[in-house]
Every structure is written in structure tokens, then in C-alpha cells.
Protein chains: 2
Amino acid sequence: MTRSWVPVPADSDFPVQNLPYGVFSLPGQEPRVGVAIGDFVLDVSRVGLPYASDLAARTLNPFMARGRTAWREVREALVRLLTDEAHRSAVEPHLILRDRVRMHLPFEVADYVDFYASEHHASNVGRIFRPGQEPLTPNWKHLPIGYHGRAGTVVVSGTPVVRPCGQRKAPDAPAPVFGPSARLDIEAEVGFVVGVPSEPGTPVPVSDFAEHVFGAVLVNDWSARDVQAWEYVPLGPFLGKSFATSVSPWVVPLDALEHARTAPPAPDPQPLPYLREDEPWGLDLQLEVELNGEVVSRPPFGQMYWTAAQQLAHMTVNGAHLRTGDLYASGTVSGPEPGQRGSFLELSWGGKEPVKLADGSTRSFLEDGDTVVIRAGAPGADGVRIGFGEVAGTVAPARTGQA
Amino acid sequence: MTRSWVPVPADSDFPVQNLPYGVFSLPGQEPRVGVAIGDFVLDVSRVGLPYASDLAARTLNPFMARGRTAWREVREALVRLLTDEAHRSAVEPHLILRDRVRMHLPFEVADYVDFYASEHHASNVGRIFRPGQEPLTPNWKHLPIGYHGRAGTVVVSGTPVVRPCGQRKAPDAPAPVFGPSARLDIEAEVGFVVGVPSEPGTPVPVSDFAEHVFGAVLVNDWSARDVQAWEYVPLGPFLGKSFATSVSPWVVPLDALEHARTAPPAPDPQPLPYLREDEPWGLDLQLEVELNGEVVSRPPFGQMYWTAAQQLAHMTVNGAHLRTGDLYASGTVSGPEPGQRGSFLELSWGGKEPVKLADGSTRSFLEDGDTVVIRAGAPGADGVRIGFGEVAGTVAPARTGQA
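A brief report on the enclosed structure follows.

Thresholds applied
- Residues numbered from 1 in each chain as written.
- Chains lettered and ligands numbered in written order.
- Predicted model: local features only at pLDDT ≥ 70, side-chain atom pairs only at ≥ 80, totals over all residues.
- Heavy atoms only, no water.
- Phe/Tyr/Trp six-rings, centres within 6.5 Å; stacked < 30°, edge-to-face > 60°.
- Helix = DSSP H or I, 4+ residues; strand = E, 2+ residues; numbered from the N terminus.
- Buried < 20%, exposed > 50% of the residue type's maximum accessible area, 1.4 Å probe, protein only.
- Lys NZ or Arg CZ within 6 Å of the ring centre and 35° of its normal.
- Salt bridge = Lys/Arg side-chain N within 4 Å of Asp/Glu carboxyl O.
- Least-squares fit on C-alpha atoms with pLDDT ≥ 70 in both.
- Contact = heavy atoms within 4.5 Å.
- Pairing = 2+ DSSP bridges.
- Buried area = accessible area lost by both parts, 1.4 Å probe.
- Polar contact = N/O pair within 3.5 Å; in protein donor to acceptor, adjacent residues only side chain to side chain.
- Nonpolar A, V, L, I, M, F, W, Y, C, P; charged D, E, K, R; others polar.

Turning our eyes to something else, we now look at the packing of aromatic side chains. For the structure shown, the criterion picks out 32 aromatic pairs over all chains. Between Tyr21(A) and Phe63(A) the ring centres are 5.3 Å apart and the planes differ by 45°, which places this aromatic pair in the tilted class. In this pair, Tyr21(A) sits in strand S1 (residues 21–25) while Phe63(A) sits in helix H2 (residues 61–64), placing the two residues 42 residues apart along the sequence. The two residues Tyr21(A) and Phe63(A) agree in class, both being buried. Between Tyr305(A) and Trp306(A), the ring centres sit 5.3 Å apart and the planes meet at 75°, which makes this aromatic pair edge-to-face. With relative accessibility at 5%, the residue Tyr305(A) sits in the buried group. Aromatic rings pair up to connect Phe115(A), Phe192(A), Phe209(A), Trp281(A), Phe301(A), Tyr328(A) and Phe238(B) into one cluster. Positioned over the ring face of Trp281(A) is Arg261(A), at 3.7 Å from the centre of the ring.

Residues and elements named next belong to chain B. Applying the stated rule across the entire model yields 48 salt bridges over all chains. The salt bridge involving Asp-13 is made with Arg-385; its shortest N-O contact spans 2.9 Å. Here Arg-385 lies in strand S26 (residues 385–396) and Asp-13 lies in the segment before strand S1 (21–25), a separation of 372 residues in the sequence. With a relative accessible area of 43%, Arg-385 lands in the partly exposed category. Between Arg-261 and Glu-258 there is a salt bridge, with its nearest N and O atoms 3.4 Å apart. For Arg-261, a relative accessible area of 24% puts it in the partly exposed group.

Attention shifts here to the relation of the copies chain B and chain A. The operation relating the two chain copies consists of a rotation about an axis and a shift along that axis. Each copy of the sequence occupies a distinct position, and chain B is placed on chain A by a rotation of 180° and an axial shift of 0.0 Å, giving an RMSD of 0.0 Å. Both copies of the chain, as the preceding transformation shows, are related through a two-fold rotation axis. If distances are taken from each C-alpha of chain B to the rotation axis, the shortest is found for Gly236(B), at 2.1 Å. Looking at chain B, 100% of its interface residues are interface residues in chain A too, so the copies touch through the same face.

Here we take up the sheet that holds strand S21 (residues 294–297) of chain A. Residue and element names in this part refer to chain A. With mixed pairing, the five strands of this open sheet are ordered in space as S9-S26-S25-S20-S21. Of all strands in the sheet, those with a lone pairing partner are strand S9 (161–162) and S21, marking the two edges. Of the pairings in the sheet, the one linking S9 to strand S26 (residues 385–396) comprises two bridges and is parallel in character. Among the inter-strand pairings, Val-161 is bridged to a residue of S26, identified as Val-395.

Our next topic: the interface of chain B and chain A. Across the contact, 58 residues belong to chain B and 58 residues belong to chain A. At the boundary of chain B with chain A, total buried surface from both sides reaches about 5,500 Å², with 60% on carbon and sulfur atoms. A per-residue breakdown of the area chain B buries against chain A is headed by Arg150(B), Leu235(B) and Phe238(B), which together make up 15% of the total. Connecting chain B to chain A are two salt bridges. A salt bridge links Asp326(A) to Arg150(B); the nearest nitrogen and oxygen atoms lie 3.0 Å apart. Counting across the interface, chain B meets chain A through 28 residue pairs in polar contact (both at pLDDT 80 or more). Of all the secondary structure elements, the ones that give two or more residues to the side of chain B that touches chain A are strand S6 (112–115), strand S7 (146–149), strand S10 (165–168), strand S11 (177–180), helix H7 (225–231) and helix H8 (308–316) of chain B. For the side of chain B that touches chain A, the element with the highest residue contribution is S7(B), accounting for four residues. The class makeup of the residues in the side of chain B that touches chain A is 34 nonpolar, 17 polar and seven charged.

Here the focus is the environment of Val74(B). Residues and elements named next belong to chain B. Within the secondary structure, Val-74 is located in helix H3 (residues 68–83). Among the residues examined, Val-74 registers a relative accessible area of 0% and is labelled buried. In this structure the C-alpha to C-alpha distance between Val-74 and Leu-49, which are 25 residues apart in sequence, comes to 6.7 Å. Apart from the residues within four sequence positions on either side, Val-74 is in contact with Tyr-21, Leu-49, Pro-50, Tyr-51 and Phe-63.

With that settled, the discussion passes to the sheet that holds strand S9 (residues 161–162) of chain B. Residue and element names in this part refer to chain B. In space, the five strands of this open sheet follow the order S9-S26-S25-S20-S21, with mixed pairing throughout. Lying at the two open borders of the sheet, with one neighbouring strand each, are S9 and strand S21 (294–297). Of the pairings in the sheet, the one linking strand S20 (residues 286–291) to strand S25 (residues 371–379) comprises six bridges and is antiparallel in character. Its bridge partner being in S25, Val-289 is matched across the sheet by Ile-374.

Right, let's talk about the environment of Phe129(B) for a bit. All names here are of chain B. Topologically, Phe-129 is positioned in helix H5 (residues 119–129). Residue classification places Phe-129 among the partly exposed positions, given a relative accessible area of 21%. Considering only alpha carbons, one finds Phe-129 and Gly-350, 221 residues apart in sequence, at a separation of 8.3 Å. Beyond its immediate sequence surroundings of up to four residues, Phe-129 is in contact with Arg-225, Gln-228, Ala-229, Tyr-232 and Leu-345.

What follows concerns unusual backbone geometry. Of note, the amide linkage connecting Val233(A) to Pro234(A) takes the cis form, showing an omega dihedral of 5°. When you line up the elements, Pro234(A) lands in the loop between helix H7 (225–231) and strand S16 (245–247). In this model, Leu19(B) sits at a positive phi of 60°, which is unusual for a non-glycine residue. Within the fold, Leu19(B) resides in the segment before S1. Judged by relative accessible area, Leu19(B) falls into the buried class, the value being 1%. At Asn292(B), a residue that is not glycine, the phi angle is positive and equals roughly 50°.

Written out as C-alpha cells, the structure is:
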């Protein structure tokens, strides 16, 4: 078993089998790339690695654009530096305690796409938003449904989320009203970050997933359900989603997730050939959603119907090309059990069955001051658990403006 | 009446009352900002204007970010240079015939949003896609419906458009099939380009439109109707639109459009206060859609129900902020008459009434090799007509890949 000379607590998300990338800064210094190990950030542009100038950049984009051979070269060198005592004296001065650094958005987002890949989530939402109708639309099992979101409002974990204002209309009201959303929600998701661009006009096959995708992050796709319900027919979600999307600061490399690979649920019917995987990219990640310190849900990512490789193939099958920094998220991760639902919309069944909290209070949707933290863990190499760190956000009150 | 010493043909889109900005290059040279005048491009970073280093950039973004005072300062200086004979000898060497230059995408696109602001278009599409139902959804007259598109596939006029492949399903077929789109279409639109960013969390009121928006372009939002029809419920258009969106190379400054301002159709009902305009930003632009050299439609932009200022206010009312380079398009421009429809979907009524062309052939949707050109003109200062140039694209055959 590979062990680092850096002390790694037993329950750490960041053993040497993980080595996720982020962008950090110290007070008065420029942001640059770091790698998490135990309780530390390794200041990776200063330890003699290849591609050091890419690693000194303010975003991961230059390094992500280098491609898989470079990613592996640096990962292997990092493992050597962090496991071989011979390197300790040279490397140790570049370890910084994580609680001393500020973390930044790790990559510049090019396009942002959000999918809808959990059958349990899509069925729940269908039942809540379109009662009396078939919960899944007829296309759902033939293609991974997705839509473009707002890249400019993707923010790093810790950024406060201002409660959005917008239009909403009660089903029996004659006209909409304007005001702060009364149904502010989360969506617990996993996001995938593109490193290597593709050629305009040329689809990326499922088998090329790991050639293009650099790694994965946690995503909280904050959602104003009342705004969304009124606006989304016929062109999809817009202002109900575009005010903020939070991502975790650490991008877990695909190579660290090799041991988490699993087969997704058996497809029925078989999808079209361009969506078939020989070696499926389902991932056995276990998510946890925490509200004000209390775990309210444990969504299982391994139950997602469509994988990230299928989503990539679908997203490009019309010739749309990839750019470095493209982010695409899985859609809300929900499992079959009530305690595995990745949104309050589902946990409280549209507000009809409020969630009971440990302090005796209940919660249907988020209140001002609420803090939501999403975490995830996965099997790593050598039988160790690797983690994603967290994506956290606290709800700030609406800024009341004109209506 | 203001006249330039540069000879401007009577029917030119580019009299001195226009002065649109683009990005051009000469063989072997770097792209840089130019301004169109008559048959020429003025090489504006070399004529002693303020902000010359911004104007030497490869995109308009640095100059657009400067804000309205800078835009006006440069515009006024340009008018002086191009109208006062005293400057002729210094400026004339920097005029380059337009047919000698290559035009580039004029700005780096941050986020791209597409609206749906023509009542005639939305009603037509409703009747075609959802026959037997109320053509406008209940929200349509309360808010400008919009959605995010793919910023990475916005291309400059002249870029070939490869026919996309995708899934489609006939209403009575048991399952979808994969292949080249059989219903490739256009959408004739007008796009607005954001120069000045806004603060995260802070809505931009309708009255601040001209503080943020730099100018307007023509947009062709290419659409694969068969792909779109199968995929778009419930999260909106995705692959049916994301393969290509073409824009004209010249960005017409808002200041050149002051004389085109007009009131949009009277709203019924009155919208919520945040969408009310004191001095409306309807624009009397007359569009022309040409298929293979023959005008097939003349959509009137002045008939749009929602204005660009209302769209900007709506897009930001939830606190989503603007970035330099944000592009938002009007949605298909269609008037009340059959000869004013901005898409073949409407012109051929879903393929049921093919368009008759001058050569005796008919067209429901686009064929390989078809060239579509969209133009527009508007009233400018001094009673002259100003033009937008054109957005052109030719359909290239699908690249048949795996299915």
C-alpha cells in the first residue's frame, strides 16, 4: 500500500491515493495551483514538477488543456515526491496548512451544462410538478436530458448565496407576483470538468471520455422552485437556476476515481449505439447533504441512470465542440429511498411533508442563514477511501429592490 | 447633415452615422479592431484615438468593458476624424478595402442567452408544436421567456454550418432513430452585446440598459427542428440548437440606433414594475432573410413584444450578474404576415406548406449547399439608413459517424 511521509489522518478526504487539484492563495499573494494531501496544500508550482508554469497559473485551465499524458506524468511525479522520504526535505517547505489558505474557483468555466440523469430524481420531480401525468417524459430513457446553465454565476464553495427575487404564480392566482423566492432549494450533484477541447463538428465517442475530462467536483445547483415552476415551460429553467451554482474547490482527477468505477443500473431499453459503453463510467460515490450540521440525505451516485461518459458523447453528438473549462453536472443525485433524495423539493415532497430536524423544527425549503454542505466519498486505490472535500453555501437574505 | 470625406455609396450599410465595430485581419497580421465606413475598414488602433491599446486587441472585450463615456468619446473622435478634411491625410492611409480583410468573431462570448420575444413567432411555434392547445403559454405575456445557449459554438458570419446528427422520433414511431437532421432551420434574430459587467446579486434596471449594452448584431440561431422536438420537454432546447449560432461581424453601437427607437406593441396585461420602460427600447429594424440569393422573408423587429432593455432587466432580476461579452438574442423575429416569418418552420408551417422559390423548386427546411443571408437596416441620424451588414452561412453535409 502506497503511503505518504505527510501525516494523513485516518478519516482524511485527501490521502495520497487522491491528490485533487485546486487554486489557492495566501494573504498578499497571487492565486496558484495546489494539491491537497492530508491537512495540507502542496504548493505544486514550486517543487520541480513538469509543467510548472501551468501550475503557477491562476486557474487550472492551462494545465487541464495539456491532456492525459501530462496529467499522468504530473500525478506519478507527485506520488514519488510525496511517498519517497528522499524528497521530503525539498518538498516539506512547500506544504501549507489548508486552514491558512483561501480557495478560489479552480477553473475558468467555459460552458456549463446541467443534466438530469437520476431516474429517481426525474420521477419524483415529474410526480410533484406534473401530477397525474406519466412522471418520466417519453424521451427520458433514450437520451440524457440536459440544458445549458449560466457559466458566469458558477462560484466556489463558501460564497454566500443571496436569496433570489423573481416572479411566481400560485396555480389559482390570476397573475404572478414579484418578490424573494419562497422555495429556495439545493440540488446535490457531481460535476465533470473538461480539459482537452474537441474539434468543431466532430462528436466525442463514449470511449474517449477520459481523454477529455480532467476530473470531478461536487456541485450545488441552487434552485428557486417557485420561480422555476412559473417560467420553465416551454424553454426550460432560466432564472430559477441562474443566480448561483456552487462547486467544491478540489477537482478530483479521473485517475483517482478508477477504483470507484461501477456499472450503472441496467438500461431498459438499450440506448442508441452512440450511447453504449463497453466499460461503463458509473461511479460509486456516496454523497452526504448536511443542513446546519445535520445530515439530511445520503444520495448514492452509483445509482445514476446515465454516466458522465454517455453525457459527454450526447453533448457532442451534434458536432458541438468542447472547450477547456467546460463544466457539466450530473443533475440531482437521488436514490430510491426517501433518505437518499438530493433536493428539498423531493425531501419535503413539494413542501407537503416537511423534513423533521434534530432540534424539533421542520424545513420544507431553505431559510435565510441556513448553511448547506455537500460531501462525497469513494473507494480509492489500495482499499482506502478518498473524498471530495465539500461544497458549502449559506443563504443570505434577499436584497429587496424594486418589484 | 454630417458627411464623411470617405466616399460612401448611396446604398451602403455603413455611412458615418453608423460606425460599427468589428475585428479584422490582413494576411499574416494579428486580428485587431476596425470600424466600417463605406466600402472600407478603418484600422482604428492606428489613428491616434484614445484607448488605442484596447482597440489593438484581438476582441472588442477590452474596449467594451470601458463603458459608455469611453464609447462616446471614441465615437465622437471617429466622427471628427472621418468628417473633417483636416484629418484626411493622416487617416486615409489606415483605410483598407473591406473585401481585402478577413472578419473574425468580434467579441469573446461570455454567456449566451436566447429569448423568445416575438408574439407572432411564439404563437406560430405553439400552434405547430402543440396543436390543439393555447398557442402562448400562460407565462408568455408576464415575462420575456429565455434560456441559456452554448457560448462556445457562436461563430462569425461565413463559417460553414455542418448539418448536425441527432435523435429524432416520429410521433407514431415506437423509438427514436439517429441520423442527420432532416429539418434544419434558421432563426433570424437580433443580438445584444454586454460591455459593462454588473455586480453579483444586484439587478440591472431597465433604465440602465444603455450603460451596460455596447451594441447589436444580427444572429442566425440555426435549429434542428426534429432534434429539438424530441428533446425539449421538460428542460428546453439543447442539441437542437447548440451546434452553431452565427453572428454578423459588425457590432452596431447603441448610439447609432438612437433614431431607430420605437415603442413596442402595447403590452396587455401591463407587466410587473421591474419590466416597465419609461422610454422604450423597441427598435425599428427591418430584417431580410435571403435563401440562395432570393429574399424569402422581411421580419419587422419593431413588432417584438419584449424589448432588449426588458430582457436585460429580467435576466438580472434574480441577481445573476453580467460579464463583458455576454450575448443575448431576441428570439426569432416574425411579423403578423406570412412573408414576415423568421424561420422555415413557420414559413413552411412545419413542412406542410413548402416555400415556393423563384426557380420553381420548393423548400420546407434547408438542404445541403443552401446559403442563408440575413440583413437588416434601420433609420439612422440625419435621415439616412444604417445597416447591419449581414450574417451568412452555408449548410455543409453531415459528417456521418457512428450511430
